[in-house]
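The lines below spell out each chain.
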Amino acid sequence: MADLRIDFAGIKSPNPFWLASAPPTNSGYQVQRAFEAGWGGAVWKTLGDPILNVSSRFAAVSFNGQKVAGFNNIELITDRPLEVNLKEIYETKKRFPDHVIIASLMVEPRQEAWHEIVKRVEDVGVDGLELNFGCPHGMAERGMGAASGQVPELVEKQTYWAKEVAQTPVIVKLTPNITDITVTAEAAVQGGADAVSMINTINSLAGVDIDSWNTVPHVAGKGAHGGYCGPAVKPIALNMVAECARNPHVNVPISGMGGVSNWENAVEFMLMGATGVQVCTAAMHHGFRIVEDMLDGLNNYLDEKGIESVMDIVGKTVANYSDWGNLDLNYKVVAQINNDVCINCNKCHIACEDTSHQCIDMLKDDQGNDILKVREDDCVGCNLCSIVCPVDGAIDMVELKTELPAMTWNERQAAIGATGNCSIPTVK
């Protein structure tokens with residue numbers, strides 16, 4: 001059995017699965033239930049001055065019958081007194097000393113405020129601090145959360161203030177509601193962050209009720225943008241983790257989150273540079289016991305690969321992630337249809353004919369049966385046909401060997417003496 005223990009910025013955890021700061025970590029009762037189920041750690045729901053929440057505050061996006069493909073919320077940080085949260089953190093850590101408790105913090109951008117809350121939460125025995133610079137609604141209107149997280153100077157300054165008094169590792173949670181997340185990640189590192197976590201939720205509106213014309217959710221007929229998470233945001237989160245992991249100036253551990261729903265997702269995030277993952281929506285959808293499948297699946301995966309420790313997979317795919325200009329222009333794959341598996345639904349033909357490169361022909365075989373065949377000379381290897389195909393194994397994407405040497409766009413531009421970028425020249 002593989003070793004699932006991780007060392008995250010000096011924080012030892014029995015496994016890489018943590019609950020993210022959110023409704024599932026609102027109380028000691030919940031966090032203790034989670035630890036009993038097998039979660040390695042929990043980031044306590046964000047502490048600060050208690051707020052007033054609204055009702056209702058959750059919404060979900062379903063797709064093709066799949067419930068909670070995406071999740072939206074307009075909930076704020078803790079609405080319980082700081083003293084109550086601190087008492088429960090102390091009691092939970094005392095009962096589960098080997099499990100990780102991280103305190104998520106959000107206060108006004110003042111040095112004194114950061115000093116005070118850091119000292120108070122560390123007094124009850126937390127393993128680390130997560131500075132919440134990501135909440136996109138409610139708190140941002142008060143100058144906190146994403147309002148701070150979108151300004152690199154504020155990220156750096158507030159991280160520095162926390163580090164001035166912190167005795168435990170400081171993690172900075174970054175907002176995705178920004179053009180380039182590496183800029184704020186670098187700012188966090190400049191401020192002394194021991195690690196970064198990403199992504200927080202994305203600005204969103206879940207939907208509009210076309211009968212009542214109210215937003216979803218609504219509060220007495222009024223709506224506001226919220227934070228989007230769940231499986232739908234995983235590709236965005238994975239890219240942002242990868243961009244930070246390959247940035248030499250973001251040389252600290254990364255806690256990855258955003259759509260992590262199973263052990264496979266966790267492996268993806270860890271391969272792309274995350275040391276561990278945080279989970280929220282999947283736990284809200286299915287309950288704490290989903291971690292059992294995550295642990296079993298990760299264990300089996302590592303055993304099958306002959307990998308002794310989960311830490312050994314961290315960042316293994318980062319070197320393969322680059323810029324478009326570094327991709328081989330002469331690499332070629334084509335689609336091949338396996339007609340013994342194909343059910344002749346013709347979805348591939350329709351997709352290719354209407355929206356791609358018109359390279360799939362409808363033919364007859366020797367027995368007069370309908371078959372589909374790809375004209376490989378015209379196929380550009382876009383993958384669309386294999387994506388829309390409903391039958392596993394009916395279409396393979398196959399590499400074709402060419403006599404051309406590997407050549408990237410950047411190499412091509414350098415060879416012809418061009419600028420080496422894809423920008424449109426300015427007309428003077």
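Analysis parameters
Counting starts from 1 at the beginning of each chain's written sequence and moves along it residue by residue. The predicted nature of this model means local features are confined to residues of pLDDT at least 70 and side-chain atom pairs, given and counted, to a pLDDT of 80 or more, with totals for whole chains, interfaces and linings taken over all residues. The side-chain values count all of the structure's non-hydrogen atoms but skip hydrogen atoms and water molecules. UniProt positions are given in the numbering used here, feature names are shortened, and annotations may be inferred rather than shown by experiment. Here the term cavity refers to a set of points on a 1 Å grid, laid over the protein atoms alone, in which a 1.4 Å probe fits but cannot get out; the term pocket refers to an open set having protein on both sides within 12 Å along at least five of seven lines, with lining residues being those that place an atom within 4 Å of a point. Grid points are joined across faces, edges and corners, and a volume is the space filled by probe spheres set on the points. Each helix corresponds to a stretch of at least 4 residues labelled H or I by DSSP, and each strand to a stretch of at least 2 residues labelled E; elements are numbered beginning at the N terminus. Three residue categories are used. Nonpolar comprises Ala, Val, Leu, Ile, Met, Phe, Trp, Tyr, Cys and Pro, charged comprises Asp, Glu, Lys and Arg, and polar comprises the others, including Gly. Side-chain atoms within 4.5 Å are what join buried Ala, Val, Leu, Ile, Met, Phe, Trp, Tyr and Cys residues into a set we call a nonpolar core. Throughout this description, buried means an accessible area under 20% of the type-specific maximum (1.4 Å probe, protein chains only), exposed means over 50%, and partly exposed covers the range between. Whether two residues touch is decided by their heavy atoms; if any such pair falls within 4.5 Å, the residues are in contact. Salt bridges, as used here, are contacts in which a Lys or Arg side-chain nitrogen is within 4 Å of a carboxyl oxygen on Asp or Glu. For helices, the fitted line uses only the C-alpha atoms of the stretch in contact; every axis is such a line through C-alpha atoms, and the angle between N-to-C directions lies from 0 to 180 degrees. Working rule for angles: under 35 degrees goes down as roughly parallel, over 145 as roughly antiparallel, 65 to 115 as roughly perpendicular, anything else as oblique. Rotating anticlockwise by less than a right angle from the far helix to the near helix defines a left-handed crossing, while the corresponding clockwise rotation defines a right-handed one. Only Phe, Tyr and Trp rings take part, Trp by its six-membered ring, and two of them pair if their centres are within 6.5 Å. Stacked means planes under 30 degrees apart, edge-to-face means over 60, and tilted covers everything else.

Under an unreviewed UniProt entry, the name given to the protein chain is Dihydrothymine dehydrogenase, and the source organism is Alkalihalophilus pseudofirmus. Its UniProt record gives the protein chain a comment under Pathway (unreviewed entry), which states: "Pyrimidine metabolism; UMP biosynthesis via de novo pathway." You can read under Function (unreviewed entry) in the UniProt record for the protein chain the words "Involved in pyrimidine base degradation. Catalyzes physiologically the reduction of uracil to 5,6-dihydrouracil (DHU) by using NADH as a specific cosubstrate. It also catalyzes the reverse reaction and the reduction of thymine to 5,6-dihydrothymine (DHT)."

Before going further, it helps to spend a moment on the layout of surface pockets. Space inside the largest pocket adds up to approximately 310 Å³. Forming the walls of the largest pocket are 17 residues, and the residues nearest its centre are Gly48, Asp49, Val107, Ala113 and Ile117. At four residues, helix α3 (residues 111-122) tops the list of elements feeding residues into the lining of the largest pocket. Residue composition of the lining of the largest pocket, grouped by class: ten nonpolar, one polar and six charged.

Taken as a class, soluble globular proteins show a tendency for nonpolar side chains to be buried jointly. Counting residues in hydrophobic clusters, the biggest one holds 89 residues, and the most contacted among them are Trp39, Leu47, Leu105 and Met198. For this core, the element with the highest residue contribution is helix α10 (residues 290-305), accounting for seven residues. Look past the residues within four positions of leucine 47 in its chain and what remains in contact with it is Ile77, Thr78, Leu82, Asn85, Leu86, Ile89, Ala103, Ser104, Leu105, Met106, Ile117 and Val121. In this structure, Val334, Cys379, Cys385 and Ala394 belong to the second largest nonpolar core, which totals 15 residues.

Attention shifts here to the pattern of salt bridges. All told, the structure shown has 20 salt bridges when counted by the stated rule. The salt bridge involving lysine 45 is made with glutamate 75; its shortest N-O contact spans 2.3 Å. Of this pair, lysine 45 sits in strand β4 (residues 41-47) while glutamate 75 sits in the loop between β6 (66-73) and α2 (82-95); the two residues are 30 residues apart in sequence, bridging distant segments of the chain. Judged by relative accessible area, which is 10%, glutamate 75 ranks as buried. Where lysine 401 meets glutamate 399, a salt bridge forms, and the shortest distance between an N and an O atom there is 3.5 Å. Judged by its relative accessible area of 41%, glutamate 399 is partly exposed. Here the salt bridges do not stand alone but share partners, grouping Lys45, Arg57 and Glu75 into one network.

With that out of the way, let us pick up the packing of α3 against helix α5 (residues 152-165). Where α3 meets α5, the closest approach of the two axes is 8 Å, and the angle between their N-to-C directions is 45°. Here α5 runs oblique to α3, going by the angle between their axes. Note that α3 runs across α5; the crossing there is right-handed. Facing Gln111, Trp114, His115, Val118, Lys119 and Glu122 of α3, the residues of α5 in contact are Gln158, Trp161, Ala162, Glu164 and Val165.

Take the packing of aromatic side chains next. Applying the stated criterion across every chain yields a total of six aromatic pairs. Here phenylalanine 58 and phenylalanine 71 contribute two aromatic rings whose centre-to-centre distance is 5.2 Å and whose plane-to-plane angle is 55°, an arrangement assigned as tilted. Here phenylalanine 58, found in strand β5 (residues 58-63), pairs with phenylalanine 71, found in strand β6; they are 13 residues apart in sequence, far enough to count as distant. Judged by its relative accessible area of 12%, phenylalanine 71 is buried. Arranged with centres 5.5 Å apart and planes meeting at 45°, the rings of tryptophan 263 and tyrosine 301 form a pair that is tilted. One end of the pair, tryptophan 263, is in helix α8 (residues 263-271); the other, tyrosine 301, is in helix α10, and 38 residues separate them in sequence. What makes tryptophan 263 partly exposed here is its relative accessible area of 22%. Given the relative accessible area of 18%, tyrosine 301 is considered buried.

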